[in-house]
Amino acid sequence: MPTSRSYRDSCGMARALDVVGERWALLVVRELLLVPQRFSELRHALPNASSNLLADRLRELEHHGVIRRRKLASAGPHVYELTEWGRKLEPIVLALSEWGIDAPSPPEPTSLSATSVLIFLRIGLRPDPAAAPIVCRLDLDGSVWTVRASSGEVQVRSGEPATADISLRTDPRTLGGLLDDPASLDSALAEGSVALVGDPLTLKQLLYGAADPQRS
């Protein structure tokens, strides 16, 4: 059942935690940062949350005005998306993600959602501002994304790019491994966990976030 627990503390931090402090709540917000999602998609992204628990968190977040439900079509399924107020959590969630990189890793088995890896692409890569832009078509977990590295920043958006320098197909865990160790790209290509169309050196440049992919 949805919880109505409160810290009964008038501090803004405590009031914020009354809204998003329950287990899984901020991870739901994380999953909705890039694109609206159906319930089944959220279940796939958060496999360690039971259906009932996830449904409770969604009801609570909707009740508090953090998310809303929207029908895709008159007879279609609902999607969940952040409200304008919920969208204000984005810099907080991104800051927590960056801070948590230095925290101890959880025990195996672990999960890693596509959104988690895409967020790391946004905040973790530091392309050379002087390098030529790179546009990557990324097929990740069955969904297509456009990743653009330009002017020292990485942008991620849902959908097909108009044109792409490289096209990459893989899964979140493999991509996470490549971001952690770009030198493993050659073995990932050889074993087939990564499918690449285009120059591997361009992909290495993107993974390293530097102008010189030869430094591997």
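Thresholds, definitions, all that
- Residues numbered from 1 in each chain as written.
- Predicted model: local features only at pLDDT ≥ 70, side-chain atom pairs only at ≥ 80, totals over all residues.
- Heavy atoms only, no water.
- Helix = DSSP H or I, 4+ residues; strand = E, 2+ residues; numbered from the N terminus.
- Rg over C-alpha atoms; globule rule 2.2 N^0.38 Å.
- Contact = heavy atoms within 4.5 Å.
- Areas by Shrake-Rupley, 256 points an atom, 1.4 Å probe, with all protein chains shown as cover.
- Buried < 20%, exposed > 50% of the residue type's maximum accessible area, 1.4 Å probe, protein only.
- Pairing = 2+ DSSP bridges.
- Core = buried A, V, L, I, M, F, W, Y, C linked by side-chain atoms within 4.5 Å.
- Patch = residues over 30% accessible without salt bridge, like charges linked within 9 Å, V, L, I, M, F, W, Y side chains within 5 Å.
- Salt bridge = Lys/Arg side-chain N within 4 Å of Asp/Glu carboxyl O.
- Axes fitted to C-alpha atoms, helices over the stretch in contact; angles between N-to-C directions.
- pLDDT = per-residue confidence, 0-100.
- Parallel < 35°, antiparallel > 145°, perpendicular 65-115°, else oblique.
- Left-handed = near helix turned anticlockwise from the far one by under 90°.
- Nonpolar A, V, L, I, M, F, W, Y, C, P; charged D, E, K, R; others polar.

K.L.:
Teacher, can you tell me more about the overall build of the protein chain here?
P.N.:
On a plain count of helices and strands, the protein chain comes out with 10 helices and 7 strands. Taken against the 2.2 N^0.38 rule, which gives 17 Å for 216 residues, the C-alpha radius of gyration of the protein chain at 19 Å falls within 12% of a compact globule. Principal-axis analysis of the C-alpha atoms gives the protein chain an extent of 55 × 40 × 35 Å. Within the protein chain, counting contacts between residues at least 6 apart in sequence, those at least 24 apart form 56% of the total. For the protein chain, the accessible surface area stands at approximately 12200 Å², while carbon and sulfur atoms represent 52% of it.

K.L.:
What is the right way to read the pairing of strand S3 (residues 134-140) from this model?
P.N.:
Side-chain positions along a regular strand alternate between the two faces of the sheet. Judged by how many residues are buried, S3 sits mostly within the fold: 6 of 7 residues are covered. Sheet analysis places S3 next to strand S4 (residues 143-150), joined by 7 bridges and oriented antiparallel. Bridged to Ile134 within S4 is Ala149. Linking S3 back to S4 in an antiparallel pair, the connection comprises 2 residues, with Asp141 at a positive phi of about 60 degrees.

K.L.:
Got a minute to help me understand the nonpolar core in this structure?
P.N.:
Nonpolar side chains in soluble globular proteins tend to end up buried together. In this structure, Leu118, Leu121, Leu138, Leu175 and Leu203 are the most contacted members of the largest nonpolar core, which totals 27 residues. Only helix H7 (114-124), S3, S4, strand S5 (153-158), strand S6 (166-170), helix H8 (172-180), helix H9 (185-191) and helix H10 (200-208) provide two or more residues apiece to this core. Counting residues in each nonpolar core, the second largest holds 24 residues, with Val19, Leu61, Tyr80 and Val93 among its members.

K.L.:
What's the story with the side chain of Thr115 in this structure? I'm lost.
P.N.:
Following the sequence through the fold, Thr115 ends up in helix H7. Residue classification places Thr115 among the buried residues on the basis of a relative accessible area of 5%.

K.L.:
What is the right way to look at unusual backbone geometry in this model?
P.N.:
In the segment running from Glu108 into Pro109, the intervening peptide bond is cis, with an omega of 0 degrees. Residue position: Pro109 is located in the loop between helix H6 (90-100) and H7.

K.L.:
What is the right way to read H7 from this model?
P.N.:
For the α-helix, the turn length of 3.6 residues means that residues three or four positions removed from each other point alike. Along H7, 8 of the 11 residues are buried, which leaves the element largely enclosed by surrounding structure. All of the buried residues along H7 are Ala114, Thr115, Ser116, Val117, Leu118, Ile119, Leu121 and Ile123. Where the residues of H7 are buried, they touch helix H2 (25-31), H6, S3, S4, S5 and H8.

K.L.:
Quick question: what am I supposed to make of a nonpolar patch on the surface here?
P.N.:
Residues Tyr7, Met13 and Leu17 make up a contiguous nonpolar surface patch of roughly 340 Å² in combined accessible area. Residue classification places Met13 among the exposed positions, given a relative accessible area of 60%.

K.L.:
Help me understand the sheet that holds S6, please; the structure alone is not making it clear to me.
P.N.:
The strands making up a sheet associate through backbone hydrogen bonding, with each pair oriented either parallel or antiparallel. The 5 strands are arranged S5-S4-S3-S6-S7 in an open sheet whose pairing can be described as mixed. Bordering the open sheet on either side are S5 and strand S7 (195-197), each of which pairs with just one other strand. Here the average twist between neighbouring strands, direction ignored, is 20 degrees. Across 5 bridges, S3 lies against S6 in parallel orientation. Note on S6: the bridge partner recorded for Leu138 is Leu168. Taken strand by strand, H7 contacts S3, S4 and S5, and its axis lies near 150 degrees from that of S5. The strands touched by H10 within the sheet are S3, S4, S6 and S7, with S3 carrying the most contacts at an inclination of about 90 degrees.

K.L.:
Quick question: what am I supposed to make of the confidence of the model for the protein chain here?
P.N.:
Where the model shows low pLDDT, its predicted coordinates should not be examined in detail. For the protein chain, per-residue confidence averages 92 on the pLDDT scale, and 94% of positions sit at 70 or higher. Every residue in residues 210-216 is under pLDDT 50, and counting partners more than four places away or in other chains gives 15 contacts.

K.L.:
Sorry if this is basic, but what is going on with the packing of H7 against H8 here?
P.N.:
Think of two packed helices as two axes; the pair is described by the angle between the axes and how far apart they sit. Close contact between H7 and H8 brings their axes to 9 Å; oriented N to C, the two are set at 25 degrees. Classified by the angle their axes make, H7 and H8 are roughly parallel. The crossing of H7 and H8 is left-handed. Contact with H7, carried on its side by Ala114, Val117, Phe120 and Leu121, involves Pro172, Leu175, Gly176 and Leu179 of H8 and no other residues of that element. Residues of the contact of H7 with H8, tallied by class, amount to 7 nonpolar, 1 polar and no charged.

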